[in-house]
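Working through the structure, step by step
Here are the chains, one letter per residue:
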Amino acid sequence: MGFPDRKVYEIMSSAPPSLPDEVSTSHARNQGWTELQVDYMCQAIAQAHEAWACREVPVGCVVVRDGKVVGRGHNLTNRTRNGTRHAEMIAIDRMLAECGGSVQEAGFDRCDLYVTVEPCIMCAGALSLLGFRQVFYGCGNDRFGGCGSILPVNQEGCGPCASQAPSGSHAGRGFPAKGGLFPEEAVELLREFYAAGNPCAPRPHRPVRREA
Amino acid sequence: MASDDVAFETAVRVPSQRELELQTLPLAVAAFPNKAGNVLMKALGSVAPLADLKHLKRVRKAPEDASLLEAILCTLDDDDDDGAPCSGVASTDACPADPSTSADLAPGRLPEALQALYAQHGGQRLRLVRGAAVAPQTRQQWDAWTKLWPITWRIPDHGTPVTEETPVDAPTQQYFERHMRAALRLASQAGVDNAAVLVDPEAAQAPVAEAADRSAVHPLRHAVMAVVQAASERDLEQWPSEADGAPQGAAGGGAGDALAEGAVEAGAEAGPERLQHGESGDPAAVSARPTHGSIAGSFGGAAVGPSGAGPDDEELASKRPRLGAGPEEAARDAAAPAASRPYMCTGYDCFVVREPCIMCAMALVHSRVQRVIYCRPDAAYGALGGCRRLHACKSLNHNYEVYRLELKRPT
């Protein structure tokens, strides 16, 4: 998919936090997460690392359908200069692209999403409109969270913004969401990122300073 | 619809009802043996009903002793400080759980009937606990407030009474009408019922971007999502490189490679949208209007070309139009000329035919628009006054003003 590969890290001034280690994966298993769930979320965290490597807010996700990872994405808000290009939206658009735009073929209502941070209010709305089956996330989102932290969009659903919902829309439908799978790793990535300053945030935010 | 000769009602500002602040009140709470539970509940219900505090659970398990339950006997005035509201909803940690706020209480302070009940059912550890005085309106408030004393969560009735809708002045009305007409026209030309127009109020002659609803083609391409996308493409077209925005320069040598790769990816990412637009054969449906250079008529087209070109900073600077003559922008430009391109949709007004859904309303928060003006309210799903009031949500990092500009109703 054209992501920068791992060598990119070597040119970064500091390494991103590491992937979940043995200790935290076994901790997750002890909390009742399955082997597969742990694996999917590790892949989502890997996506967040890709975001980190290209100076995007480090949030990543994977979409799983019928036991297969069928979509991936990470934030691209800086690169696209579009504050709505969150990991979930990127993954969804890629899936649609691979299906020639066919919502039916993409089969979102058979999909589970694994995302490192609780979907924001906007993304929770999008996931509702597409009828996602279930959402698993790492840490909660105290500023934007749409799965209960700020608003329970995942319970209330989202509207169509039109007098009639287009066919195949799941407007108004909610979805189950469950957090707590590798929350520390998700938070750590964000903390590292914002400690350096989001390179594209507006002034008077403090500017980026990295030692070469 | 002949959108050019429609008439409008006077636009009103849709008030953002503030989130409730936590107010607490002192509760006389005592512990009883578990077995007293049912009888005690009945007795309390008749002796001391708490009609105004239905949101509070009457009993809970004693936190540190499984053989006990704790019950609210009544509310009491406490002698010292009164109901200093714990600060807002965002900080769930601000209100400590009860141990630190509890105090031992003499049974003599209870009404007589409750004193009897207290003795009869083997009450002990009578103390004061502060609980939430009113029911929470959001789940997050519930999360924070229920830690004081357990609260039954009930989804609050939607459409809590609006406090006051204030009409706009004549010049604003005129400005609103002009661009709402454009949005209505765009929707009708595209044969859909929703469209959005982004306008920089400091340069309002031409809109920054406009887009009609395309959700028939892409399930998430609501008018607002499409217009935000169009604005970002215009931005990329007009200011193709990050080089003028300082971040890259400060980033150190090799980062350019990573950025370049990212650019390829962004281009690929935008591809399908471009394709979809091509299919539509309707150039009016989505367009961004750059003030120079070629028209970025296609979705994503602007993202691909110039990114790798290593453009000349000075040349860019000379092409860069003055944005916003407001004092704030002027000061910012003077202080940091390199940062003068717009940060997403900061300062823009978004005109949209239909009241945005929650996804679109939040997209406009992310995009930092200044005002949202809609024409047709949506009581079922509208997130800006209909069933929700996202602009009232103070925990967000940005809030915009919301106006409703309805069509004149036939008299």
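Residues numbered from 1 in each chain as written. Chains lettered and ligands numbered in written order. Predicted model: local features only at pLDDT ≥ 70, side-chain atom pairs only at ≥ 80, totals over all residues. Heavy atoms only, no water.

**Examining the overall build of chain A**
- Counting its secondary structure elements, chain A contains 9 helices and 5 strands.
- Each helix and strand of chain A, placed in order from N terminus to C terminus, yields the pattern α-α-α-β-β-α-α-α-β-α-β-α-β-α.
- A buried classification covers 61% of the 212 residues belonging to chain A.
- Expressed as a percentage of contacts within chain A between residues at least 6 apart in sequence, the contacts between residues at least 24 apart total 59%.
- Taken as a whole, chain A presents about 8,300 Å² of accessible surface, with 48% of it coming from carbon and sulfur. (Helix = DSSP H or I, 4+ residues; strand = E, 2+ residues; numbered from the N terminus. Buried < 20%, exposed > 50% of the residue type's maximum accessible area, 1.4 Å probe, protein only. Contact = heavy atoms within 4.5 Å. Areas by Shrake-Rupley, 256 points an atom, 1.4 Å probe, with all protein chains shown as cover.)

**Details of the side chain of Thr84 of chain A**
- Here Thr84 of chain A is to be found in the loop between helix H4 (77–80) and helix H5 (87–98).
- A polar side-chain atom of Thr84 of chain A sits 2.7 Å from a polar atom in the side chain of Asn82 of chain A. (Polar contact = N/O pair within 3.5 Å; in protein donor to acceptor, adjacent residues only side chain to side chain.)

**Examining the packing of helix H7 (residues 121–130) of chain A against helix H11 (residues 358–366) of chain B**
- Contact pair H7 of chain A / H11 of chain B: the axes reach a minimum separation of 7 Å and the direction vectors enclose 150 degrees. What the angle tells us is that H7 of chain A and H11 of chain B run roughly antiparallel. Judged by the sense of rotation from one axis to the other, the crossing of H7 of chain A with H11 of chain B is left-handed. Along its contact with H7 of chain A, which presents Ile121, Met122, Gly125, Ala126 and Leu129 of chain A, the element H11 of chain B presents Ile358, Met359, Met362, Ala363 and His366 of chain B.
- Grouping the amino acids of the contact of H7 of chain A with H11 of chain B by side-chain chemistry returns 8 nonpolar, 2 polar and no charged. (Axes fitted to C-alpha atoms, helices over the stretch in contact; angles between N-to-C directions. Parallel < 35°, antiparallel > 145°, perpendicular 65-115°, else oblique. Left-handed = near helix turned anticlockwise from the far one by under 90°. Nonpolar A, V, L, I, M, F, W, Y, C, P; charged D, E, K, R; others polar.)

**Some details on the nonpolar core**
- Counting 97 residues, the largest nonpolar core has Ile121, Met122 and Phe132 of chain A together with Leu198, Met359, Leu390 and Tyr400 of chain B as its most contacted members.
- The residues contacting Leu390 of chain B, other than those within four sequence positions of it, are Ile121 and Leu151 of chain A together with Ile358, Ala361, Met362, Val365, Ala383, Leu384, Leu396, Asn399 and Tyr400 of chain B. (Core = buried A, V, L, I, M, F, W, Y, C linked by side-chain atoms within 4.5 Å.)

**Some remarks on the pattern of salt bridges**
- Enumeration over the complete set of coordinates arrives at 19 salt bridges over all chains.
- For the salt bridge of Arg388 of chain B with Glu156 of chain A, the shortest nitrogen-to-oxygen distance reads 2.8 Å. In this pair, Arg388 of chain B is assigned in the loop between strand E12 (371–376) and strand E13 (401–404) and Glu156 of chain A in helix H8 (residues 153–156), connecting two distinct chains.
- In this structure, the salt-bridge partner of Asp378 of chain B is Arg354 of chain B, at a minimum N-O distance of 3.7 Å. Highlighted residues: Asp378 of chain B in the loop between E12 and E13 and Arg354 of chain B in strand E11 (residues 349–354), separated in sequence by 24 residues.
- For Asp378 of chain B, a relative accessible area of 9% puts it in the buried group.
- Judged by relative accessible area, Arg354 of chain B falls into the buried class, the value being 10%.
- The network of salt bridges with common partners includes Glu9, Glu165, Arg404, Glu406 and Arg409 of chain B. (Salt bridge = Lys/Arg side-chain N within 4 Å of Asp/Glu carboxyl O.)

**Notes on helix H1 (residues 37–47) of chain B**
All names here are of chain B.
- Of all the positions in H1, only Gly37, Leu40, Ala43 and Leu44 are classed as buried. Taken around the axis of H1, the buried residues stretch over an arc of 130 degrees, which confines them to a single face. In this structure, H1 carries Asn38, Val39, Lys42 and Ser46 as exposed residues pointing more than 90 degrees from its buried face.
- Elements in contact with the buried residues of H1: strand E2 (24–33), strand E4 (68–75) and helix H2 (112–120). (Arc of directions from axis to C-beta.)

**A few points about the confidence of the model for chain A**
Residues and elements named next belong to chain A.
- With 86% of its residues at a pLDDT of at least 70, chain A reaches an overall mean of 88.
- pLDDT under 50 marks residues 1–13. Its contacts with residues more than four places away, or in other chains, come to 31 contacts.
- Per-residue pLDDT stays below 50 along residues 205–212; that stretch engages in 16 contacts with residues further than four places along the chain or on separate chains. (pLDDT = per-residue confidence, 0-100.)

**Remarks on helix H4 (residues 170–190) of chain B**
- For H4 of chain B, spanning 21 residues, the distance from its first C-alpha to its last is 30 Å, which sits close to the expected 30 Å at 1.5 Å a residue.
- Gly191 of chain B occupies a position one or two residues after H4 of chain B and carries a positive phi of about 70 degrees. (Expected span 1.5 Å × (residues − 1).)

**Overview of the confidence of the model for chain B**
Residue and element names in this part refer to chain B.
- Chain-level pLDDT for chain B is 74 on average; 65% of the residues reach the 70-or-more range.
- For the stretch residues 80–101, pLDDT sits under 50, and the model shows 28 contacts to residues farther than four places along the chain or on other chains.
- When the criterion is pLDDT under 50, residues 243–338 qualifies, and its contacts beyond four places in sequence or with other chains add up to 151 contacts.
- Overall fold confidence (pTM) sits at 0.64, and the ipTM for the predicted complex is 0.89.

**Side note on the pairing of E4 of chain B**
Residue and element names in this part refer to chain B.
- Where burial is concerned, most of E4 is hidden: 7 out of the 8 residues are buried.
- Here E2 runs beside E4; their pairing, made up of 7 bridges, is antiparallel. Paired with Val29 across the bridge in E4 is Ile72.
- Bridge count for strand E3 (residues 59–61) against E4 is 3 bridges, and the pairing is antiparallel. Looking at E4, one finds that Lys61 is bridged to Leu69.
- Once E3 ends, the chain turns through 6 residues before running back antiparallel as E4. (Pairing = 2+ DSSP bridges.)

**Re the sheet that holds strand E1 (residues 60–65) of chain A**
All names here are of chain A.
- Spatially, the 5 strands line up as an open sheet ordered E2-E1-E3-E4-E5, and their pairing is mixed. The sheet is open, and its two borders are formed by strand E2 (68–74) and strand E5 (177–178), each paired with just one other strand.
- Here E1 runs beside E2; their pairing, made up of 6 bridges, is antiparallel. The residue of E2 that forms the bridge with Val63 is Gly71.
- Seen against the sheet, H5 touches E1, E2 and strand E3 (111–117) and runs at an angle of roughly 130 degrees to E2.

**Notes on the environment of Arg221 of chain B**
- In this fold, Arg221 of chain B is placed in the loop between strand E9 (209–212) and helix H5 (223–238).
- For Arg221 of chain B, a relative accessible area of 5% gives the class buried.

**Re unusual backbone geometry**
Residues and elements named next belong to chain B.
- The backbone of Met344 shows a phi angle near 50 degrees, a positive value even though the residue is not glycine.
- Phi at Arg368 is positive, roughly 65 degrees, even though this residue is not glycine.
- Looking at where Arg368 falls in the secondary structure, it is placed in the loop between H11 and E12.
- Arg368 sits in the partly exposed class, given a relative accessible area of 21%.

**Examining the packing of aromatic side chains**
- Enumeration according to the criterion identifies 10 aromatic pairs over all chains in this entry.
- Seen in terms of ring centroids, Tyr114 of chain A and Phe136 of chain A are 4.9 Å apart; in terms of plane orientation they differ by 25 degrees. Their pairing is stacked. With a gap of 22 residues between them, Tyr114 of chain A in strand E3 and Phe136 of chain A in strand E4 (residues 134–139) connect regions that are remote in the sequence.
- Of the residues examined, Tyr114 of chain A reaches a relative accessible area of 4% and is grouped as buried.
- For Phe136 of chain A, a relative accessible area of 6% puts it in the buried group.
- Between Tyr175 of chain B and Phe351 of chain B the ring centres are 5.6 Å apart and the planes differ by 80 degrees, which places this aromatic pair in the edge-to-face class. Pair noted here: Tyr175 of chain B is in helix H4 and Phe351 of chain B is in strand E11, with a separation of 176 residues, a long-range link. Side by side, Tyr175 of chain B and Phe351 of chain B carry an identical accessibility label, which is buried.
- Among the aromatic residues, those joined into a cluster by ring pairs are Trp33, Tyr40, Tyr114 and Phe136 of chain A.
- Over the ring of Trp33 of chain A we find Lys178 of chain A; its NZ or CZ atom is 4.3 Å from the centre of that ring. (Phe/Tyr/Trp six-rings, centres within 6.5 Å; stacked < 30°, edge-to-face > 60°. Lys NZ or Arg CZ within 6 Å of the ring centre and 35° of its normal.)

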